[in-house]
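Descriptive structure summary
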Amino acid sequence: MNTTTTPRITFLPQPFWTALVCLLTGLFMLQPASAVTLIPTFDSRSLPNGPTNSNNQDLTIGPLSASQYYRSYMTFDLSALTTNDTASAATLKLINSTANEGNTSALPQVFTLFQVSSDWNGTVAPGPEGTALATVNITPAVGNDAQNIEFSGTNLVNAFNGNLGGILYLGIKSDKEGATNRSFCNFQSSEDPSKPTLTTI
């Protein structure tokens, strides 16, 4: 009499399968083609009248007096980037310098990030305006302010992607230009330890 033996199937322990699933998930999860972080090649604020390529002062935004107010400008060199660096998200971040504002008023403001067509050469202060890309609501503190700001959104992504292989010129202004209040923010510039950054994924 012949006896048929059924092969015994041995299953690997559950931790093995859990680890395998995690590994495969990591391998096949879609990742962006390229992540980029840039700092300005040049930057400037509009008072005093220094062009972006020679001004090493803080980046400043907001009213100083009824007749004086600050804008800031940044130049980002995208000439080494290609369509492989096309972004799906973009964020511009500025770090407060936490000093020297001496504000006399906490004036609620809207800071607008805009794109201009060329570098600011320091003439006709406070400088040009351009296409709005993003906004941030902010109320600078009385005395010295300490708030950082970030801009993001579809328009900034489109501006970045539209200038791949070229130069991206950005500016920031307040909606309270001409206010009598001294209420502005100082941010670290490209010469400082915590430089402005434009990060994309």
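Note that the coordinates shown come from a computational prediction; the quantities given were computed from them, not determined experimentally.

Another point: the nonpolar core. Counting residues in hydrophobic clusters, the biggest one holds 30 residues, and the most contacted among them are Phe76, Leu92, Phe111, Ile149, Phe151 and Ile172. In this view, Phe111 contacts Ile61, Ala134, Thr135, Val136, Ile138, Ile149, Phe151, Ile172, Lys173, Ser174, Cys185 and Phe187; residues no more than four positions away in its chain are not counted. Membership of the second largest hydrophobic core comes to five residues, among which are Tyr73, Val116, Trp120 and Tyr169.

Moving on to the sheet that holds strand 4 (residues 69-70). With antiparallel pairing, the three strands of this open sheet are ordered in space as 4-3-11. At either end of the open sheet lies a strand with only one pairing partner, and these are strand 4 and strand 11 (185-187).

So, about the environment of Thr37. Mapped onto the elements of the fold, Thr37 is located in strand 1 (residues 36-38). On a C-alpha basis, the gap between Thr37 and Thr200 in space is 6.5 Å, while along the polypeptide they are 163 residues apart. A polar side-chain atom of Thr37 sits 3.5 Å from a polar atom in the side chain of Thr199.

Calculation rules
- Residues numbered from 1 in each chain as written.
- Predicted model: local features only at pLDDT ≥ 70, side-chain atom pairs only at ≥ 80, totals over all residues.
- Heavy atoms only, no water.
- Core = buried A, V, L, I, M, F, W, Y, C linked by side-chain atoms within 4.5 Å.
- Buried < 20%, exposed > 50% of the residue type's maximum accessible area, 1.4 Å probe, protein only.
- Contact = heavy atoms within 4.5 Å.
- Pairing = 2+ DSSP bridges.
- Helix = DSSP H or I, 4+ residues; strand = E, 2+ residues; numbered from the N terminus.
- Polar contact = N/O pair within 3.5 Å; in protein donor to acceptor, adjacent residues only side chain to side chain.

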